[in-house]
Amino acid sequence: MAYIKLTAHYAEQSGGRVAVGAWHLYITLKNGTKVDFPAPFVPLNETLAVTPVIEPDGDAGVRIDFTRWSPMRYGVAGSTGFPMWMSSQEMAVRVARAFDADPATRWSDSPDDIRTWLRSWLAANDAPQTA
């Protein structure tokens, strides 16, 4: 049986201070209602995580899709998500760790630069290009 535990907030301690925060999602439902809530994620370490794809579902719903995942970086220094999703949680974890460890990348890179990096990484790691 699979088990996924999502969290939506993080805490960082530095210099005797504790900061609690969240990466907020802003989703517009089909009826125009704007929804603002903390993004649920699975932490991989103190600042790296993967998050399921979350999208509007009709006029009054939000759907959490556990078949698609995206890497994210969170924390007091800033939170940001990957501009694309992967077809599995496992692939998203691999991509998150590889991107975060690559000294040639930054989480603030443009979506086009991240897509180029991802295509190159997928090819170099014999991963499906439909990740």
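Residues numbered from 1 in each chain as written. Predicted model: local features only at pLDDT ≥ 70, side-chain atom pairs only at ≥ 80, totals over all residues. Heavy atoms only, no water.

Draft legend 1. Spatial organisation of the environment of Ala8. Residue position: Ala8 is located in the segment before strand S1 (10–14). Once the C-alpha coordinates of Ala8 and Ala39 are considered, the two residues, 31 residues apart in sequence, prove to be 5.6 Å apart. Residues within four places of Ala8 in sequence aside, it is in contact with Gly21, Ala22, Pro38, Ala39, Pro40 and Phe41. (Helix = DSSP H or I, 4+ residues; strand = E, 2+ residues; numbered from the N terminus. Contact = heavy atoms within 4.5 Å.)

Draft legend 2. Structural context of the pairing of strand S6 (residues 48–57). Of all 10 residues making up S6, seven are buried, and the element is well covered by its neighbours. Bridge count between strand S5 (residues 42–43) and S6: two bridges; the pairing is antiparallel. Its bridge partner being in S6, Pro43 is matched across the sheet by Ala49. From the end of S5 to the start of S6, which pair antiparallel, there are four residues. Looking at chain direction, S6 and strand S7 (residues 61–73) are connected through 10 bridges and run antiparallel. When the sheet's bridge partners are listed, Pro52 is paired in S7 with Trp69. Counting the residues that bridge the hairpin from S6 to S7 gives three residues, and of these Gly58 lies at a positive phi of roughly 75°. (Buried < 20%, exposed > 50% of the residue type's maximum accessible area, 1.4 Å probe, protein only. Pairing = 2+ DSSP bridges.)

Draft legend 3. Representation of the pattern of salt bridges. In this structure the tally under the stated criterion is six salt bridges. With its nearest N and O atoms 3.6 Å apart, the salt bridge here joins Arg63 to Glu55. For Glu55, a relative accessible area of 22% gives the class partly exposed. Among the salt bridges present, the one from Asp112 reaches Arg115, with a minimum N-O distance of 3.6 Å. You can see Asp112 and its partner Arg115 sitting in helix H2 (residues 111–124), three residues apart, about one turn around the helix. For Arg115, a relative accessible area of 32% gives the class partly exposed. (Salt bridge = Lys/Arg side-chain N within 4 Å of Asp/Glu carboxyl O.)

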